[in-house]
Each structure stands twice: as C-alpha cells, then as structure tokens.
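Here is how the chains run, residue by residue.
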Amino acid sequence: MAEVVRTVCPHDCPDACSMLAHVEDGVLVRVQGDPEHPFTQGFLCAKVNRYPERVYSPERLLHPLRRVGPKGEGRFERVSWEEALQTIAHRLRSVEPEAVLGYAYSGTMGLINRNLPQGFFAALGAREMQLGTVCDSACEAGWTYSCGEVPGTDPETVVDSDLIIAWGANIVTTNVHLIPFIDEARSRGAKLVVIDPYRNRTAQRADWYLPIRVGTDAALALGIMHVLVRDGLTDEAYIRSHTVGFEALRDQALPDYTPEETERITGIPAADVERLAHMYGRARAPFIRLGMGMSRHTHGGMAIRTVACLPAMVGAWGKPGGGALLDTTAAFGFDYAALRRPDFRAKRAGTPVNHSLLGQELQDSTLKVFFVMANNPATTCPDQSAVIAGLSREDLFTVVHDLHLTDTARYADIVLPACTALETEDLYRGYGQLYFQFGPQVLEPLGESRPNRWVVTELARRMDLADPVFYRSTAEHMAAVMEPMEGYDVDAVRAGGPFRVAGHQGPVHTAFYSETMVAEGLPGLPEWRPDPVEAEEGARFALRLLTAPGHFQHHSAFAGVASLQEREGVPCCLLHPDDAGARSIADGDAVEVYNDRGAVGLYARVTADTQQGTVVVVGHRSRSRYLRGGPINVLTSSRLSDMGAGATYQSTWLEVRKLSL
Ligand SMILES: Nc1nc2c(c(=O)[nH]1)N[C@H]1C(S)=C(S)[C@@H](COP(=O)(O)OP(=O)(O)OC[C@H]3O[C@@H](n4cnc5c(=O)[nH]c(N)nc54)[C@H](O)[C@@H]3O)O[C@H]1N2
Ligand SMILES: Nc1nc2c(c(=O)[nH]1)N[C@H]1C(S)=C(S)[C@@H](COP(=O)(O)OP(=O)(O)OC[C@H]3O[C@@H](n4cnc5c(=O)[nH]c(N)nc54)[C@H](O)[C@@H]3O)O[C@H]1N2
Ligand SMILES: [Mo]
C-alpha cells in the first residue's frame with residue numbers, strides 16, 4: 001500500500017525542510033520537498049533527495065557490536081542489546097562520574113533525540129561538552145555583542161531587498177532554500193554580492209564576487225564604514241536612536257581603515273571597497289546573510305561582531321528585506337532545559353570540555369568512559385591526531401551510537417546501531433527560518449537499530465535513574481519543551497504543521513562600542529588585528545588552509561551513500577595556478593598537504609577559483625578515502641577563537657608538495 005507522510009529533515013542545517021516521504025508496503029521509495037511549506041517550497045537539497053539510499057545503505061549498522069580486534073581496526077562481533085546495555089551500565093557504575101565524558105551534538109536536530117542524551121549525562125554526573133564550540137559558538141558570541149539575542153531578518157522578507165550580500169555564507173550549499181527568495185528579489189532588480197576567499201557555488205551565481213583574504217572581514221567592514229561616514233551615507237536618525245558608541249567608532253576606529261589600508265589587509269582593491277560601500281550606502285534595503293564559516297578562525301568572533309554593525313550604519317534594520325541574518329534560533333522560545341536538565345548537574349563541579357580540546361582530554365588517564373552519540377569527532381574535531389591518540393587508549397572504554405561504522409566507531413568497545421530520523425518521531429525547528437514542525441515516525445527501525453531516546457531510556461532504567469524525564473512519551477516531552485511557548489497546543493502540533501513563530505526582530509540597540517566586551521577583557525570597538533601565532537606559522541608555511549562543508553555530504557553523515565560519495569568526488573585541494581606552478585604541480589597530481597601536525601595525501605585541482613596563497617579543501621571524508629594520512633583535520637589545531645571559545649579550522653598554515661605514489 002502506498003502512502004505519503006509529511007515529516008521533517010533532521011540534519012543540522014538552517015533550512016529544516018518539511019518533506020513528504022513516499023512509502024510503499026513499509027518501504028521508503030522516495031522523498032520530496034513539501035510544496036506547502038513556505039520555506040521548503042517543494043524541493044529538497046542534493047543530499048536529502050537521496051534519502052532512501054541513506055536509509056537502506058548497505059553500510060547501516062543493524063545490531064550492537066563488541067570490539068574483538070585492536071582499537072581502530074574495525075573488527076567486531078555481534079552482541080545482543082541486553083548484553084551491550086548491561087556492559088555499558090556495568091562500566092558506568094564502576095567508575096566515578098567525573099571519569100565519564102558524554103559527547104552528543106548535532107547528528108540529529110530532533111529536539112528530543114538531540115537533547116535527552118544531555119539530560120542522561122547530566123543525571124550521571126558525567127563531564128559535559130561545551131556544545132557548539134566546533135560550530136557556532138564564536139559567531140553567536142560576536143553577533144550577540146553587537147546585536148543582542150535577536151533572530152535578525154526574517155529570511156522570507158529577502159524578496160524585498162535590493163542588495164543581498166552573502167558574507168562568508170555558501171548559501172547554495174548550506175542554506176539552499178534561501179535561494180528562491182534571493183532569485184525573486186533579483187528578478188525585481190536586486191544584486192547578489194558574495195564575499196568569500198574562494199569562488200564557491202554561491203559566488204558562481206553572483207552579480208559580483210569579491211575574493212577576500214581569509215580572516216580579514218572585520219577590516220573590510222571597517223573600510224566600508226569608513227567610506228559611509230566619509231561620504232555622508234550613514235542614517236543619522238537611526239544611529240541616534242538605535243545605536244551606542246557611534247562617536248567612538250567614528251573617531252577612534254574608522255580613521256585607520258582607509259580604502260588603501262583596507263586593500264592592504266583584505267586584498268580587495270581600494271576601488272572595489274569604495275564601490276561596495278557606495279552600493280551598500282545607497283541601497284534601499286540591503287541584506288547581509290552572515291555565514292558561520294568565516295568565524296572559524298582566531299579572530300572569528302570579532303569578524304562577525306564587526307560585520308553585524310553594518311546594518312545599523314545605514315538604518316537597514318526594520319526596512320522590509322533589510323538587515324542581517326546569522327541564525328533565527330533566538331526566535332524560538334523552547335525550554336531545552338526540560339530535556340537537558342542542567343539542574344541535575346547543579347550540585348556537581350567539573351569544567352565542560354571544549355570540542356577543540358577533546359584530543360587532549362581523551363589522553364587524560366583519569367577519563368575512563370567516553371560515550372559518543374550522533375557525532376564523529378575522529379573526523380570532524382580539530383587536532384585529529386590527538387583525538388586518535390586518546391581513542392586508542394586501552395584503558396578508555398568507548399561507546400559509539402551511530403548509523404554506520406564511522407572512523408570514531410572503529411575505536412569503540414561497544415557500537416550501538418542508530419536509526420534514521422524517519423524511524424523515530426521528534427519535534428524540529430529551523431535555524432535559518434521561523435518554523436517548527438512535528439516529524440512522525442515513517443518507517444519501522446531497520447534491523448535492531450534504535451533512536452537516541454530509546455538508548456537513553458534503556459540505560460537510565462539500568463542505572464536506576466528514577467526521574468520521569470527518561471520515561472516520558474513524545475507528547476509529554478513536547479508539552480515540556482513547548483511549555484513557555486504560548487498559544488500552541490501539543491495535539492495540534494502533532495497533527496499538522498509547520499508552525500511559524502513571530503518574525504523579523506532586529507536589535508534594540510546595535511553596540512558599536514560594547515561595555516560588556518570591555519568588562520570581559522575584549523576590545524570595546526570593532527577592529528582588525530594581525531595574529532602573532534598565525535604570523536609565526538605563516539612565516540614557515542606559505543599557504544593557508546580553508547575547509548568547508550561538502551555540497552553532497554553533511555559533514556560525514558552521508559558517508560554510507562555511494563552515489564553521493566561519488567558526486568562529492570575524490571578528496572582534493574584547490575590550488576591557485578601560481579601556487580601550483582611554483583611547486584611544479586599539475587591539475588590532477590597526487591599531492592601531500594602538510595604542516596607540523598601531520599600530512600594528508602589527496603589530489604590537486606589547479607584553479608583560479610581560489611586565490612593565491614589559499615588551499616581549499618571541501619568536504620569531510622573518512623580516513624580511508626585519502627591517499628595518505630587524513631582526515632583533513634590532522635592539520636588543524638586546538639587553538640580557540642577570540643570569543644565563544646570556538647574552533648579555528650581556518651587558522652591553519654601548510655605547504656603542499658607532489659606525492660610520489
Ligand atoms: N551541504 C551541506 N550543508 C550544510 C552542512 C554540510 O556539511 N553540508 N553543514 C551544516 C552546518 S553544521 C553548518 S554550521 C552550516 C555552515 O554553513 P555556513 O554558515 O555557510 O558556513 P561554511 O559553509 O562553513 O562556510 C561558508 C563560507 O565561508 C567561507 N569562509 C571561510 N573563512 C572565511 C573568511 O575568513 N572570510 C569570508 N568572507 N569567508 C570565509 C567559506 O569559504 C565558505 O564558502 O552548514 C550546514 N549545512
Ligand atoms: N576542518 C573543518 N572541520 C569541521 C568544520 C569545518 O568547517 N572545517 N565544520 C564543523 C562543524 S560546523 C560541525 S557542526 C561539526 C560536525 O561534526 P559532527 O557532528 O561530528 O559531524 P557529522 O559528520 O555530521 O557526524 C554526525 C554523526 O551522527 C550520525 N547520526 C546521524 N543521525 C543520528 C541519530 O539520530 N542518532 C545517532 N546516534 N547518530 C546519528 C551520523 O551518521 C554521523 O556519523 O564539524 C566541524 N568540523
Ligand atoms: Mo555546524
């Protein structure tokens with residue numbers, strides 16, 4: 001029998017698409033973008049279109065496993081759930097709570113399946129992760145210093161913008177459902193400008209592409225402000241009523257950032273800085289889509305904080321289509337603590353572990369149990385050799401719950417099979433749009449695979465955790481997380497959707513000067529500064545690494561889908577023709593990218609899509625896919641960003657040489 005079920009894409013993506021799952025006799029035959037969802041608009045991305053291949057991937061884990069070979073080798077034997085759960089519970093009981101580290105982040109965005117594991121780790125008294133430090137903590141901090149905790153521009157209003165700037169945001173790849181709104185604006189005459197160190201898929205569609213040096217966005221934003229002030233293009237009334245510290249910005253920060261100085265720092269010609277500032281200052285409703293990618297370097301917080309000051313300079317906030325958007329998370333009033341239960345933890349001390357420092361933490365012999373759910377840190381964490389050294393410890397008991405045998409799972413003592421989101425039910429919200437929606441279960445779990453929440457409940461029972469949170473029904477969980485959100489009824493949300501929350505909220509005040517930042521030991525005004533450690537590394541290694549998510553992959557989560565692996569292609573690095581020529585490297589050559597931390601073998605793609613000095617590696621792949629070494633995070637460091645303790649993947653210097661195979 002054929003049926004169509006409306007559900008939600010669970011991946012960590014701004015779009016959170018509503019999707020229609022076509023099921024025949026209990027088998028998923030295809031998925032389709034929901035034509036009735038105002039943001040999904042009837043299409044899905046290149047990855048999720050292939051969902052049946054993900055669900056029925058031959059690489060799916062279908063029953064629990066126990067390791068029988070050396071760590072990392074990937075030899076396991078089948079065990080029952082009962083034996084796996086008993087073994088884990090026994091281990092958890094035999095160590096002090098502080099010797100346990102719980103690691104669960106964004107493999108699934110379902111509010112219950114994502115957050116209940118945190119509640120479980122909290123109830124155990126285990127050490128927790130400082131969540132988001134691998135992804136959005138630096139940009140969140142930077143945005144909040146300038147704008148406060150506001151969601152920014154409603155993306156659906158972008159149709160009314162006349163100038164759209166994708167600033168360090170690869171919209172075509174990571175937020176593709178914004179594209180129809182941009183296209184609509186362009187059909188009415190709007191221009192699309194892309195500011196990015198390499199000509200990504202979005203830049204290929206732009207009216208104007210500006211290649212910027214990695215990590216110099218704050219200088220470009222200051223250069224634009226300099227010209228806006230110099231040429232009288234600011235909105236004085238808006239500045240007077242809605243900003244703090246304009247005089248200090250104007251008199252102390254901006255004089256340094258002449259177009260010529262801006263060119264020296266960013267590599268963007270002074271004439272282009274002027275032209276961009278004039279376009280921005282004269283636009284009716286300029287909109288900036290801020291990406292997270294440009295915040296993953298040592299001064300990434302300041303980069304976002306500074307760009308986020310621009311809309312206030314020209315009074316773009318409040319004009320339909322104008323303003324800026326980093327993410328819409330602040331628009332939702334869910335009570336995540338109802339699942340994460342920080343109150344369980346309140347009595348216990350212990351510092352949270354930063355994702356970037358995971359490698360060091362795992363090598364600490366007082367840590368005895370590492371419990372990973374819905375993450376693949378052996379591929380995605382920086383300083384990857386340290387992560388592997390930790391995972392290799394014989395005295396560390398590691399549990400991994402995942403859909404397939406990831407590079408992390410290869411080091412596990414017990415591997416638990418997870419199911420896809422279509423095999424469980426959950427509540428979802430976007431972070432690049434303003435809807436939330438219930439996703440019902442569409443399929444029976446394959447084999448013995450189970451969702452995160454089931455694993456938590458079963459372990460909670462075996463650990464004698466009595467709190468009702470671990471035994472609630474979906475409706476009860478939803479009632480708890482939706483409790484602060486007035487006007488929504490759980491039954492109605494379960495029956496239909498999507499549901500829209502209130503839209504467009506710009507900052508009450510934009511802080512050009514921030515006392516909060518000064519109080520926290522940060523500069524009060526926007527600025528760009530060279531980084532001494534980078535300068536030292538840059539003196540030894542001539543090239544800079546730029547990494548970004550793959551178009552046909554979701555970090556490593558579609559690794560089991562052969563057709564998408566193929567479309568993503570062999571691992572390669574984009575090299576500028578000058579850099580390749582100077583090293584006698586030709587397009588297609590096998591090369592090795594290396595620095596003090598390690599070496600990774602892949603193929604060279606010689607192209608002017610990247611700039612001289614910048615080596616671009618797109619997509620995560622498991623180690624076995626590289627010619628040598630790998631994954632790419634072997635090269636990245638555990639240094640933290642200036643704000644939000646974020647990762648600094650893009651602050652990586654390296655060299656490249658031909659590889660003789
Ligand atoms: N297809 C696909 N979509 C995804 C994901 C995926 O893996 N695959 N991952 C999801 C997740 S978890 C996230 S956090 C988002 C991230 O999505 P985005 O916010 O778009 O971030 P990134 O794609 O990491 O980087 C965006 C762009 O920033 C550029 N960039 C890097 N450094 C700089 C810089 O210093 N200055 C400037 N101006 N640009 C810079 C990169 O070249 C890249 O083109 O995407 C989500 N969507
Ligand atoms: N060099 C470099 N590194 C980066 C980045 C970069 O730009 N450059 N980007 C960073 C960013 S933005 C992020 S968010 C991180 C992402 O880092 P990770 O979260 O480690 O990324 P994924 O590869 O998506 O791993 C998610 C895992 O969860 C599994 N999974 C999916 N759904 C479920 C489920 O319901 N239950 C369970 N138990 N498992 C599930 C998937 O199969 C997959 O193995 O990577 C970061 N790493
Ligand atoms: Mo992310």
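Residues numbered from 1 in each chain as written. Chains lettered and ligands numbered in written order. Predicted model: local features only at pLDDT ≥ 70, side-chain atom pairs only at ≥ 80, totals over all residues. Heavy atoms only, no water.

**Focus on the pattern of salt bridges**
Here is step 1 of the chain: Per the counting criterion, the structure on display carries 41 salt bridges.
Here is step 2 of the chain: E527 is paired through a salt bridge with R529; the nearest N and O atoms lie 2.8 Å apart.
Here is step 3 of the chain: With a shortest N-O distance of 3.0 Å, E592 and R657 are connected by a salt bridge. Linking E592 in strand β24 (residues 590-595) with R657 in strand β28 (residues 652-658), this pair joins segments that are 65 residues apart in sequence.
Here is step 4 of the chain: What makes E592 buried here is its relative accessible area of 9%.
Here is step 5 of the chain: Overall, the relative accessible area of 38% leaves R657 in the partly exposed class.
Here is step 6 of the chain: Each of the salt bridges in this network shares a partner with another, and the network as a whole consists of E82, E458, R461 and R462. (Salt bridge = Lys/Arg side-chain N within 4 Å of Asp/Glu carboxyl O. Helix = DSSP H or I, 4+ residues; strand = E, 2+ residues; numbered from the N terminus. Buried < 20%, exposed > 50% of the residue type's maximum accessible area, 1.4 Å probe, protein only.)

**Looking at the packing of aromatic side chains**
Here is step 1 of the chain: The tally for this structure, following the rule as stated, stands at 18 aromatic pairs.
Here is step 2 of the chain: Following the ring pairs from residue to residue traces out a cluster consisting of F120, F121, F344, F371, F470 and Y471.
Here is step 3 of the chain: The ring centre of F558 lies 5.1 Å from the NZ or CZ of R54, which sits over that ring.
Here is step 4 of the chain: Across from the ring centre of Y594, 3.8 Å away, lies the NZ or CZ of R657, which sits over that ring. (Phe/Tyr/Trp six-rings, centres within 6.5 Å; stacked < 30°, edge-to-face > 60°. Lys NZ or Arg CZ within 6 Å of the ring centre and 35° of its normal.)

**As for the site of ligand 2**
Here is step 1 of the chain: Neighbouring ligand 2 are 28 residues, the closest being N375, T380, D402, N452 and S556.
Here is step 2 of the chain: N376 has a polar backbone atom sitting 2.8 Å from an oxygen atom of ligand 2.
Here is step 3 of the chain: Taking 920 Å² as the accessible area of ligand 2 by itself, protein coverage stands at 96%.
Here is step 4 of the chain: Classifying every residue of the shell around ligand 2 by side-chain character gives nine nonpolar, 15 polar and four charged. (Near = heavy atom within 4 Å. Polar contact = N/O pair within 3.5 Å; in protein donor to acceptor, adjacent residues only side chain to side chain. Areas by Shrake-Rupley, 256 points an atom, 1.4 Å probe, with all protein chains shown as cover. Nonpolar A, V, L, I, M, F, W, Y, C, P; charged D, E, K, R; others polar.)

**Overview of unusual backbone geometry**
Here is step 1 of the chain: Between G497 and the following residue, P498, the backbone shows a cis peptide bond with an omega angle of 10°.
Here is step 2 of the chain: Mapped onto the secondary structure, P498 falls in the loop between α21 (490-495) and β20 (499-500).
Here is step 3 of the chain: Positive phi values are uncommon outside glycine, yet R341 reaches one of about 50°.
Here is step 4 of the chain: One non-glycine residue, D383, lies in positive phi territory at about 55°.
Here is step 5 of the chain: Relative to the elements of secondary structure, D383 occurs in the loop between α17 (377-380) and α18 (384-391).
Here is step 6 of the chain: D383 sits in the buried class, given a relative accessible area of 17%.

**As for a nonpolar patch on the surface**
Here is step 1 of the chain: On the surface, V27, V29 and Y56 cluster together into a nonpolar patch covering about 220 Å² of accessible area.
Here is step 2 of the chain: A relative accessible area of 34% means that Y56 is categorised as partly exposed. (Patch = residues over 30% accessible without salt bridge, like charges linked within 9 Å, V, L, I, M, F, W, Y side chains within 5 Å.)

**Considerations on the site of ligand 1**
Here is step 1 of the chain: Among the 32 residues in the neighbourhood of ligand 1, the closest are listed as D196, G215, D217, M292 and Q553.
Here is step 2 of the chain: The backbone of I195 places a nitrogen or oxygen atom 3.2 Å from a nitrogen atom of ligand 1.
Here is step 3 of the chain: For ligand 1, an oxygen atom lies 3.1 Å from a polar atom in the backbone of G293.
Here is step 4 of the chain: When the free accessible area of ligand 1 is taken as 920 Å², the share hidden by the protein chains comes to 97%.
Here is step 5 of the chain: Of all elements in the fold, only α5 (171-174) and β9 (191-196) reach the threshold of two or more residues within the shell around ligand 1.
Here is step 6 of the chain: The class makeup of the residues in the shell around ligand 1 is 13 nonpolar, 14 polar and five charged.

**Quick look at the nonpolar core**
Here is step 1 of the chain: Of all hydrophobic cores here, the largest spans 62 residues; its most connected members are W143, W167, L249 and L310.
Here is step 2 of the chain: For L249, the contacting residues outside a window of four places in its chain are L222, M225, L254, M313, F512, L525 and P526.
Here is step 3 of the chain: L116, F121, F470 and V481 belong to the second largest nonpolar core, which has 50 residues in total. (Core = buried A, V, L, I, M, F, W, Y, C linked by side-chain atoms within 4.5 Å. Contact = heavy atoms within 4.5 Å.)

**Topic: the layout of surface pockets**
Here is step 1 of the chain: One number sums up the size of the largest pocket: a volume of about 790 Å³.
Here is step 2 of the chain: Lining the largest pocket are 28 residues, with D136, E140, D327, T329 and R429 sitting closest to its centre.
Here is step 3 of the chain: Secondary structure elements with two or more residues in the lining of the largest pocket: α3 (111-124) and α4 (137-147).
Here is step 4 of the chain: When residues of the lining of the largest pocket are assigned to their parent elements, the largest contribution, five residues, is made by α4.
Here is step 5 of the chain: The residue inventory of the lining of the largest pocket, partitioned by class, reads 13 nonpolar, seven polar and eight charged.
Here is step 6 of the chain: Space inside the second largest pocket adds up to approximately 520 Å³.
Here is step 7 of the chain: Residue lining of the second largest pocket: 28 residues in total, with E59, H404, L405, R410 and S622 positioned closest to the centre. (1 Å grid on protein atoms, 1.4 Å probe; cavity = no way out; pocket = protein on both sides within 12 Å on 5 of 7 lines; lining within 4 Å. Points joined across faces, edges and corners; volume = space filled by probe spheres on them.)

Shape is all these values report; function is a separate question.
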